[in-house]
Amino acid sequence: MSAADVPFWGPDFAELQASDPDIADVVLGELDRLKGGLQLIASENFTSPAVLAALGSTLSNKYAEGYPGRRYYGGCAEVDKAERIGIARAQQLFGVEGAELHVNLQPHSGASANLAAYAALLQPGDTVLAMSLPHGGHLTHGSSVSFSGTWFTPVPYSVRADTELIDYDEVRDLALEHRPAMLIAGATAYPRLIDFAAFREIADEVGAWLMVDAAHFIGLVAGQAIPSPVPYADVVTFTTHKVLRGPRGGMIVCRPDLAKRIDKAVFPFIQGGPLMHAVAAKAVALGECLQPSYRDYARQVVANSKSLADGLAAEGMRPVSGGTDTHLALLDLRELGITGAQAEARCDAARITLNKNAIPYDPAPPMTASGVRVGTAAVTTQGMTEGDMKEVASLIGQAVRDEDGSAAAEVATTVSALVARHPAYPRPA
Ligand code: DSN
């Protein structure tokens, strides 16, 4: 195709600079921030240029309420293709031999996916048994500030105080006592594998639905680095932008007999028109996950996470539960005498981005917190391996101990040198 044949469409940065230099500066500033520092927020990643191209495409213009072949608007032939391709890829990626899998690519976010699952399976007031927020759950798992704790009756389960692991006996006891309509497995700050078979058994014993919120770890499932919840759950909800490395958004997979309930809950119950540019970008990301290189990536994410947790332990930060099996680690900072909020701010000053996080049974309030959470999805995308994680751990150790800020510039310089060796979004050769 000659240059003249390339269709004029999509992201044109020169056009943005010419027509809106203020926002163009923000875009460049954010790219500098991403490229110039260490990105260790466990729920973030670097999407590929192909995903970004689909996101910036003219598919954003299209109204397509409904589902492929059954839309409330004309002109949907092309976006129908994108959605069908994405669904087929998700079925290939997450499907289990011999069983059909229904896929909904339209939730705008993980919270929307969860709201749709509640709407599909529950009545207002129903009881939901889920991990408590301070122990690693999510706002949509029953917090009083979310629909989940306001319109439904939450019963929280915790992790054990001694092992900091899910106590399946407690989950079962609570289920038998409260007879929930739904059990939720899945968390935002739980570094260990979850026993989905145990959850299934408890759900069956009390006649509850089992929803798995797999947002954090679904990318590791896609890369076959950890076991899948799909054979056990009635419904699996997730975001597409964490380890999965797609665009910001949500997705649901479920048993085929729940397909109509889930689809109707997503549209028209909680959402209107789907974001077809995001649906297409999800399809691109799912295609990338089907490549053999993505399996190597997922395995490396876990190897890096273990290495980073070990390195941080050597720096005096205690890994909650003793370590990690996934992409994230949660560190207790109390032995260092600093709070999570202080550590976050000191790391920020050294161009290391991570987040303060409550640890189980945290004596500090959430905005202070006694811990930090780190994840290795983004640094692994930029090609870092276990040896780099040792350096990252040492840099975090130096940053968090930097009480007066005098070391921040020097740590930042070393961070810059490290990320320059593994550039995010390198210029094409
Ligand atoms: N806010 C996300 C996280 O950081 O884990 C979960 O939705």
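Not measured: the values here are computed from a predicted model. (Residues numbered from 1 in each chain as written. Predicted model: local features only at pLDDT ≥ 70, side-chain atom pairs only at ≥ 80, totals over all residues. Heavy atoms only, no water.)

## So, the overall build of the protein chain
The cut-off we apply is this: Under the DSSP-based scheme used, a helix requires at least four consecutive residues in state H or I and a strand at least two consecutive residues in state E, with every element numbered from the N terminus. As defined in this context, the radius of gyration uses C-alpha atoms, and a globule is described by 2.2 Å times the residue total to the power 0.38. A simple rule labels every residue: compare its accessible area, found with a 1.4 Å probe on the protein chains alone, to the largest value its type can have, and call it buried under 20%, exposed over 50%, or partly exposed in between. Contacts are residue-level and defined by heavy atoms, with any inter-residue pair within 4.5 Å sufficient. The Shrake-Rupley method, run with a 1.4 Å probe sphere, supplies the accessible areas, and residue values consider only the shown protein chains as cover. By the counting rule applied here, Lys and Arg register as positive and Asp and Glu as negative, while His and the ends of each chain are not counted. Charge positions come from single atoms, namely NZ of Lys, CZ of Arg, CG of Asp or CD of Glu.
Within the protein chain, the secondary structure is distributed over 16 helices and 15 strands. The C-alpha radius of gyration of the protein chain comes to 22 Å, within 12% of the 22 Å expected for a compact globule of 429 residues. Along the longest, intermediate and shortest principal axes, the C-alpha atoms of the protein chain span 70 × 60 × 35 Å. Considering the protein chain as a whole, with its 429 residues, one finds that 54% of them fall into the buried category. Taking the contacts inside the protein chain whose residues are at least 6 apart along the sequence as the reference set, 72% of them involve residues at least 24 apart. With an accessible surface of roughly 18400 Å², the protein chain has 55% of that area assigned to carbon and sulfur atoms. Charge-centre separation for the protein chain: the mean point of 34 positive side chains lies 5 Å from the mean point of 48 negative side chains.

## A few points about the site of the ligand
Just so we agree on the cut-off: Residues are classed as near a molecule or strand on a simple rule: at least one heavy atom within 4 Å of it. In the analysis that follows, any N or O atom pair within 3.5 Å is treated as a polar contact, provided that within protein one partner can donate a hydrogen and the other can accept it, and provided that, for residues neighboring in sequence, both atoms belong to side chains. Amino acid classes used here: Ala, Val, Leu, Ile, Met, Phe, Trp, Tyr, Cys and Pro are nonpolar; Asp, Glu, Lys and Arg are charged; the rest, including Gly, are polar.
Every residue close to the ligand is listed here: Ser43, His138, Thr188, His216, Lys242 and Arg373. Ser43 places a polar side-chain atom, nitrogen or oxygen, 2.7 Å from an oxygen atom of the ligand. The separation between an oxygen atom of the ligand and a polar side-chain atom of His138 is 3.0 Å. A total of 230 Å² of accessible area belongs to the ligand in isolation, and the protein chains cover 63% of it. Classifying every residue of the shell around the ligand gives no nonpolar, four polar and two charged.

## Points about unusual backbone geometry
With an omega of 15 degrees, the peptide bond running from Phe267 to Pro268 counts as cis. Examined against the element boundaries, Pro268 turns out to sit in helix 10 (residues 259–270). Phi at Arg245 is positive, roughly 70 degrees, even though this residue is not glycine. Here Arg245 lies in the loop between strand 9 (235–239) and strand 10 (250–254). In this structure Arg245 comes out as buried when scored by relative accessible area, which is 17%. A positive phi angle is found at Arg351, which is not glycine, with a value near 65 degrees. Along the chain, the position of Arg351 falls in the loop between helix 13 (340–349) and strand 13 (352–353).

## Some points on the sheet that holds strand 12 (residues 328–332)
Stated precisely, the cut-off is as follows: Strands pair, by our definition, only if DSSP identifies at least two bridges between them. Axis definition: a line fit to C-alpha positions, over the contact stretch in the case of helices; interaxial angles, taken between N-to-C directions, run 0 to 180 degrees.
Taking strand neighbours across the sheet as the criterion, the four strands line up as 11-12-15-14 in an open arrangement whose pairing is antiparallel. Each of the sheet's edge strands pairs with one partner strand only, and the pair in question is strand 11 (318–319) and strand 14 (355–357). Looking at chain direction, strand 12 and strand 15 (residues 371–375) are connected through five bridges and run antiparallel. Looking across to strand 15, one finds that Leu330 is bridged to Arg373. Here helix 12 (residues 292–314) sits on the sheet in contact with strand 11, strand 12 and strand 15, set at roughly 10 degrees to strand 12.

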